[in-house]
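Below, each chain spelled out in residue letters.
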Amino acid sequence: MATVLFPQFQPKIVKDKTGEEILVRQYNHETDREALIEMYEKYDPDYRCLGLPPLTRSGIETWVDYLGKNGFAIVAEKNGKIIGHLVIVPDERNRVDLTIFVHQNYQNKGLGQEMMKLIIEYCKKAGFDGITLVTERSNTRAIHVYRKLGFEIVAPYHEFDMYLPLKK
Ligand SMILES: CC(C)(COP(=O)(O)OP(=O)(O)OC[C@H]1O[C@@H](n2cnc3c(N)ncnc32)[C@H](O)[C@@H]1OP(=O)(O)O)[C@@H](O)C(=O)NCCC(=O)NCCS
């Protein structure tokens, strides 16, 4: 695992497509861990992707702790609750691997795209070469969002590997 120093993320209030204001800010594993686990405990299994999030509390804890140790994350917050989580984990090639989950009650309102745009700008400023991600071929909504933001499918197998280069 590469040792990477992550710059501070500037918090931002974004508006979803209904005009609702949502705070997007940096995740703090010490203070936000419980609220993030709560979001995933309440997450509708119908909206899992690639076996994530895990289905049990202990599975969620292990996953969240792994990401907290190895990655950098932003969260969307509404009324003190975490409703969206986007995490990047750096690799040895100066790229980051991205994972995003928006709580089912807030999906398809533009929040995912807003979070993605913010992390793309953040990754550019942080000097990463590109963003990789994997999704399911059947996840047409996620694929639509990723393509709209410039990601290309680089390995079209059972899963789709997608990549967004950040440097020319
Ligand atoms: C994928 C995800 C992160 C996207 O975030 P979101 O806030 O729901 O998405 P947005 O509202 O920003 O954008 C959805 C876009 O997809 C389009 N869309 C919705 N359903 C669609 C479908 N079934 N097929 C294709 N496009 C679809 C919408 O029209 C919108 O595009 P537009 O703005 O060009 O009109 C979110 O839906 C989610 O968490 N899904 C479940 C977990 C997941 O799949 N995570 C991805 C990692 S594998």
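Let me begin by describing the structure that accompanies this report. (Residues numbered from 1 in each chain as written. Predicted model: local features only at pLDDT ≥ 70, side-chain atom pairs only at ≥ 80, totals over all residues. Heavy atoms only, no water.)

**Considering the site of the ligand**
Phase 1 of the analysis: Taken together, 23 residues lie near the ligand, and C49, N108, G110, G112 and N139 sit nearest.
Phase 2 of the analysis: In this structure, I100 approaches the ligand through a main-chain N or O atom, which is 2.9 Å from a nitrogen atom.
Phase 3 of the analysis: One of the side-chain N or O atoms of N139 is found 2.6 Å from an oxygen atom in the ligand.
Phase 4 of the analysis: If the ligand stood free it would expose 960 Å²; the protein chains cover 80% of that surface.
Phase 5 of the analysis: According to the grid-proximity analysis, the pocket containing the ligand is the largest pocket.
Phase 6 of the analysis: Among the elements that make up the shell around the ligand, the one with the highest residue count is helix α4 (residues 140-148) (seven residues).
Phase 7 of the analysis: Taken together, the residues of the shell around the ligand break down into 10 nonpolar, nine polar and four charged. (Near = heavy atom within 4 Å. Polar contact = N/O pair within 3.5 Å; in protein donor to acceptor, adjacent residues only side chain to side chain. Areas by Shrake-Rupley, 256 points an atom, 1.4 Å probe, with all protein chains shown as cover. 1 Å grid on protein atoms, 1.4 Å probe; cavity = no way out; pocket = protein on both sides within 12 Å on 5 of 7 lines; lining within 4 Å. Sits in = over half its atoms within 2 Å of the grid points. Helix = DSSP H or I, 4+ residues; strand = E, 2+ residues; numbered from the N terminus. Nonpolar A, V, L, I, M, F, W, Y, C, P; charged D, E, K, R; others polar.)

**Observations concerning the sheet that holds strand β7 (residues 152-156)**
Phase 1 of the analysis: Ordered in space as β1-β2-β3-β4-β5-β6-β8-β7, the eight strands form an open sheet in which the pairing is mixed. Every other strand in the sheet has two partners, leaving β1 (12-15) and β7 as the edge strands with one partner each. Strand after strand, the sheet turns through a mean of 25° between neighbouring axes, direction not considered.
Phase 2 of the analysis: Note that β1 and strand β2 (residues 21-26) share four bridges and pair antiparallel. Residue pairing in the sheet places K12 in a bridge with V24 of β2.
Phase 3 of the analysis: Relative to the sheet, helix α3 (residues 111-126) contacts β1, β2, β3 (72-78), β4 (81-90), β5 (95-102), β6 (130-136) and β8 (159-165), its axis offset from that of β4 by approximately 35°.
Phase 4 of the analysis: Packed on one face of the sheet, α4 meets β5, β6, β7 and β8 and runs near 160° to β6. (Pairing = 2+ DSSP bridges. Axes fitted to C-alpha atoms, helices over the stretch in contact; angles between N-to-C directions. Contact = heavy atoms within 4.5 Å.)

**A word on the layout of surface pockets**
It is the rolling of a water-molecule-sized probe over the atoms that shows where space remains empty.
Phase 1 of the analysis: The computed volume of the largest pocket comes to approximately 710 Å³.
Phase 2 of the analysis: Within the residue set of the lining of the largest pocket, elements represented by two or more residues are β5, α3, β6 and α4.
Phase 3 of the analysis: Looking at which element gives the most residues to the lining of the largest pocket, the answer is β5, with six residues.
Phase 4 of the analysis: Class assignment of the residues belonging to the lining of the largest pocket gives a composition of 16 nonpolar, 10 polar and seven charged. (Points joined across faces, edges and corners; volume = space filled by probe spheres on them.)

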